[in-house]
Amino acid sequence: MRNLPDTIRIGGIEVLVLSDGVFRLDGGSMFGIVPRPLWEAERGTDEEGRVTLACNCFLILAGKTKILVDSGIGRKFDEKRRRIYALDGRTLPEELAAAGFSPRDVDFVVNTHLHMDHAGWNASPGGGDSGGLVPTFPNARYVVERRELYAAGHPTELNRRTYLPENWVPVANAGLFLVYDWKLDIVPGVTVFRTGGHTPGHACVMIRDGGRTAVAAGDLLPTSSHRRVPWATAYDMFPVETMDARRWLLREAARKRWLLLCDHEPEFKAFYLKEGAIPDRYEVEAARD
Ligand SMILES: [Zn+2]
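Analysis parameters
- Residues numbered from 1 in each chain as written.
- Predicted model: local features only at pLDDT ≥ 70, side-chain atom pairs only at ≥ 80, totals over all residues.
- Buried ≥ 20, exposed ≤ 12 C-beta atoms within 10 Å, placed from the backbone.
- Helix = DSSP H or I, 4+ residues; strand = E, 2+ residues; numbered from the N terminus.
- Pairing = 2+ DSSP bridges.
- Core = buried A, V, L, I, M, F, W, Y, C linked by C-beta atoms within 7 Å.
- Contact = placed C-beta atoms within 7 Å.
- Axes fitted to C-alpha atoms, helices over the stretch in contact; angles between N-to-C directions.

What am I meant to see in the pairing of strand S3 (residues 50–62) here?
A regular strand places its side chains on the two faces of the sheet in alternate fashion. Burial analysis of S3 places 11 of its 13 residues in the buried class, which makes it a mostly covered element. Both strand S2 (residues 13–26) and S3 contribute to a ladder of 11 bridges, which runs antiparallel. Each residue of the ladder has a partner; that of Glu14, found in S3, is Leu61. When S3 meets strand S4 (residues 65–69), the two strands line up antiparallel, connected through 5 bridges. Within the sheet, the bridge partner assigned to Ala62 lies in S4 and is Thr65. Between the antiparallel neighbours S3 and S4 lie 2 residues, among them Gly63 with a positive phi of about 60°.

What's the story with the nonpolar core in this structure? I'm lost.
If you look at soluble globular proteins, the nonpolar side chains tend to sit buried side by side. Judged by nonpolar contacts, the single largest core of 79 residues is most densely connected at Ile60, Val215, Ala217, Leu260 and Leu261. Among the elements that take part in this core, S3 stands out by supplying 9 residues, more than any other. Setting aside residues no more than four positions away along its own chain, Leu261 makes contact with Phe58, Ala214, Val215, Ala216, Ala217, Lys269 and Ala270.

Is there a simple way to think about the pairing of S2 in this case?
Across 5 bridges, the pairing between strand S1 (residues 6–10) and S2 is antiparallel. Following the sheet pairing, Asp6 is matched in S2 by Val17. Here S1 folds back onto S2 in antiparallel fashion, the turn holding 2 residues, of which Gly11 has a positive phi close to 60°.

How do you make sense of the environment of Leu250 when you look at a structure like this?
Inspection of the secondary structure assignment puts Leu250 in helix H7 (residues 239–256). Expressed as a C-alpha distance, the spacing of Leu250 and Arg281, which sit 31 residues apart in the sequence, is 9.2 Å. Leaving out residues up to four positions away in the same chain, Leu250 has contacts with Arg227, Leu273, Asp280 and Tyr282.

Is there a simple way to think about the sheet that holds strand S10 (residues 183–187) in this case?
To summarise the sheet geometry, strands pair through backbone hydrogen bonds and adopt either a parallel or an antiparallel arrangement. A sheet is described by the order of its strands in space; here 7 strands give the open sequence S10-S11-S12-S13-S14-S15-S16, paired in mixed fashion. Both outer strands of the open sheet, S10 and strand S16 (282–286), are each paired with one neighbouring strand and no more. Neighbouring strand axes in the sheet, compared pairwise and without regard to direction, differ in orientation by 30° on average. Inspection of the sheet shows strand S11 (residues 190–194) paired to strand S12 (residues 203–209) by 5 bridges, in the antiparallel sense. Bridge pairing in S12 places Val192 opposite Val205.

Now the structure itself:
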């Protein structure tokens, strides 16, 4: 097991790739309308038809400001759910500590969206007699798009089991949400912008410095396999919107050599795309730096 997180440099900005372990999810839910033989050949499955997914989080070090993009799946699960998701591996707080940071050091937590596997460490048990949940990052503002917070508070049958109140209500009660519309420059070189599609307020984070660009794509591009435009997950609330936003991101990334940071990719956590002869078909090129 590695001890230190991987580091990516975007000009003068450093991005640490932190893991919150791995989990398994039904392959059909990850690949929506795509026939199983197509995704299974690439991702493989266990005996229950589940694919293995990483929970990658990204700690952006921009000058003195520390910005965490997504907070993993957390560990607020009972035994049954741990088994269902086959949770394994190191936790985000353990990885933060290995990098020399405490949760108190984080200035901003950006939730690309509030699904449970992106907001899992937003809050954790605070200890004390009440045993109540408190924000894990007490000195951070939690950055979320207005439509996303509304959607989490008004779940539907499609997302009730992933918009868990325990991941956002303690943050709201502590008054730590920094709610924005469409787009927010957090610090020079780090911008969060709404894409929609997967959820009403789904957002990506663009990191830009020294002529280089990286995009933390959240669930607009959960794994490298989702580089095919129609491969939307079954959880996508607005799949056509996902396809539009993804088509744009893939084209820009391939043509301008943007580094893509991937939340659920166990192998290529960061990669480039190469355009082929056929429009909207891409090859993955692993990042070496
Ligand atoms: Zn999601």
